[in-house]
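What follows is the residue order along each chain.
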Amino acid sequence: MDYAVLVARTTFDSGVWSELSPEARAAMLMSFAQKIMENADELVYLESISSGGTVRRIALSDILQIGDLLVQTAKFVQEYKYVEHLPIPTVPGPAEGQVWREPIGVCAAITPWNFPMMLAMWKVIPALAMGNCIVVKPASNTPLSTLKLAELAVQAGIPGGVLNVVAGPGASTGEALVTHPLVDKVAFTGSTEVGKRIMHMASGSVKKISLELGGKSPSIILPDADLEIAIPGALFGVFMHSGQICESGTRLFVHESMYSEVIEQLASKVKDIKLGNPLSERTGMGPVVSKQQFDIVLNYIRLGQEEGARLVCGGKPAVVEGCEGGYFIEPTIFADVRNDMRIAQEEIFGPVLAVIQYKEVEEAIRLANDTIYGLAAGVWTRNINEAYRIARKLRAGTVWINDWHLLRSDAPFGGYKQSGFGRELGRHALDEYTQLKHVHVSLVPELEKRHWLGMLFG
């Protein structure tokens, strides 16, 4: 890790990347996008065998989003306002002022195991676009696709030392990266607990940090919602990638007038989810990532039953033909959940949905906000104006209306409260990888008219 950071620092200081024009960096990003598309099949395979994500999702979502993000960022970086000219003041004397946006230097990215390739690129792309060098520490059990991306970056013409990857356990390599004196900025995606630890470690050298942390996202079905959309949408919101998504809609709030009907339809529709080998294009939901996560999820299912929630379906390990011994868990739905239960407050990171009944919309909003998290939220309704009103009151960084999981390359993503701070994606992400410098030029030519002459010299 010391060597990787030193290489990144030396490369940054050399100017081989940091001093390129925005147009030249944009061209490199487009070349990088081309290399990724040419090697998409291998990247999909590597991502699937390590993370358990289905090849259907990775090919149709992750790869395409990465390509789109590279293209969008190549456009943004050429339009970006690197210099802002300030008005010429008259007091204490005319002067020219400029505000410059400059690269930070050496950035560190620590990425999770659920979307290793995509979440690495959410950090790599804006960092490189703004002229920085970066060291990526992928999750220890899912490094394959990130290592491949670094190889493709070099093939795309990005100079060696600009994008560096060091695989290894977080307790050693991750902490070494966060505390390294030559690292200027840290970007992390992962649990809130680890995010707090990173804040503490980064404070020793006052690094700039951005954190995308946990979530317990509320999904609210209003009485006028179209259930033909809301039911499969709510299931997609929680069971995609076996629920291992920080912004999953794991708490579903349903009005009392339709509560029984929604529970019945959820239980019926969930049977259509195809649980199977993630390498099969027919599979809709694969395994959880590891034995450790498997045990965590099953323990939460046990806790939910002990707390008094009603297990509607699932709740057990599943056996998949051809994948015997894999860490598969049936899609699990709990009804009669109270918002103060642990399964409604703590991030499970597995295929578990908690359904909560409400009487009034304002109650649903209050309960939705009653969490330490604020990453995402959703509303299902035919009344878009009412949805906008509710969205204003939901304390979350992303609010979906009649949809879920749709993230745009040109829109910011990030959290409120203990879901973190800073934003990824869109133009706003570029700001996270720059620092501001004010440059002042006096336009007063005569010494005797300088404002500081009388203050100090009399």
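Draft legend 1. The arrangement of the sheet that holds strand β2 (residues 95-103) in detail. Across the sheet, three strands lie side by side as β1-β2-β18; this open sheet has antiparallel pairing. Each edge of the sheet is formed by a strand with only one pairing partner; in this case those strands are β1 (83-86) and β18 (434-442). Averaged over all neighbouring strand pairs, the angle between strand axes comes to 20 degrees, with direction disregarded. Where β2 meets β18, nine bridges bridge the pair, whose relative direction is antiparallel. Within β18, the residue paired with E96 across the bridge is V441.

Draft legend 2. Spatial organisation of the nonpolar core. The biggest cluster of nonpolar side chains holds 106 residues, and the ones touching the most others in it are F32, I36 and I221. The biggest single contributor to this core is helix α5 (residues 116-129), with 11 residues. The residues touching I221, leaving out its near neighbours within four places in the chain, are L227, A230, L252, F253, V254, H255, M258, V262, Y358 and W380. Judged by nonpolar contacts, the second largest core, of 32 residues, contains L303, V352, A368 and I390.

Draft legend 3. Quick look at the pattern of salt bridges. Tallying each qualifying case throughout the model produces 22 salt bridges. Bridged by salt links that share partners, the residues E362, E386, R389 and K393 form one connected network.

Draft legend 4. Region of interest: the packing of helix α2 (residues 22-38) against α5. Direction vectors running N to C along α2 and α5 enclose 150 degrees, while the axes themselves pass 9 Å from each other. The angle between α2 and α5 places the two elements in the roughly antiparallel class. Each of R25, L29, F32 and I36 in α2 lies in contact with α5, whose residues at this interface are M121, L128 and A129. Per-class residue counts for the contact of α2 with α5 are six nonpolar, no polar and one charged.

Draft legend 5. Helix α7 (residues 170-178), seen in detail. T173, G174, L177 and V178 are the residues of α7 that are buried. Taken end-on, α7 shows its buried residues confined to a sector of 130 degrees, consistent with a single buried face. Along its buried surface, α7 packs onto α1 (2-14), β3 (106-110), β4 (133-137), β6 (185-189) and α8 (192-202).

Draft legend 6. Quick peek at a nonpolar patch on the surface. Residues L447, W452, M455, L456 and F457 make up a contiguous nonpolar surface patch of about 630 Å² in total accessible area. Here F457 shows up in helix α16 (residues 451-457). Residue F457 is classed as exposed on the basis of its relative accessible area, which comes to 58%.

Draft legend 7. Summary view of the environment of E84. With respect to the helices, strands and loops of the structure, E84 is situated in strand β1. For E84, a relative accessible area of 37% gives the class partly exposed. Distance in space between the C-alpha atoms of E84 and R302 is 57 Å, their sequence separation being 218 residues.

Draft legend 8. Structural detail: the pairing of strand β15 (residues 376-380). Taken across its five residues, β15 has five buried, putting it largely inside the fold. Both faces of β15 are covered, namely the face carrying A376, G378 and W380 and the face carrying A377 and V379. Across three bridges, the pairing between strand β8 (residues 218-221) and β15 is parallel. Note that in β15 the partner of S219 across the bridge is G378.

Draft legend 9. Seen up close, the packing of aromatic side chains. For the structure on display, the rule yields five aromatic pairs. Its end group placed over the ring of Y433, K185 keeps NZ or CZ at 4.8 Å from the ring centre.

Reading the values: the criteria
- Residues numbered from 1 in each chain as written.
- Predicted model: local features only at pLDDT ≥ 70, side-chain atom pairs only at ≥ 80, totals over all residues.
- Heavy atoms only, no water.
- Pairing = 2+ DSSP bridges.
- Helix = DSSP H or I, 4+ residues; strand = E, 2+ residues; numbered from the N terminus.
- Axes fitted to C-alpha atoms, helices over the stretch in contact; angles between N-to-C directions.
- Core = buried A, V, L, I, M, F, W, Y, C linked by side-chain atoms within 4.5 Å.
- Buried < 20%, exposed > 50% of the residue type's maximum accessible area, 1.4 Å probe, protein only.
- Contact = heavy atoms within 4.5 Å.
- Salt bridge = Lys/Arg side-chain N within 4 Å of Asp/Glu carboxyl O.
- Parallel < 35°, antiparallel > 145°, perpendicular 65-115°, else oblique.
- Nonpolar A, V, L, I, M, F, W, Y, C, P; charged D, E, K, R; others polar.
- Arc of directions from axis to C-beta.
- Patch = residues over 30% accessible without salt bridge, like charges linked within 9 Å, V, L, I, M, F, W, Y side chains within 5 Å.
- Areas by Shrake-Rupley, 256 points an atom, 1.4 Å probe, with all protein chains shown as cover.
- Phe/Tyr/Trp six-rings, centres within 6.5 Å; stacked < 30°, edge-to-face > 60°.
- Lys NZ or Arg CZ within 6 Å of the ring centre and 35° of its normal.

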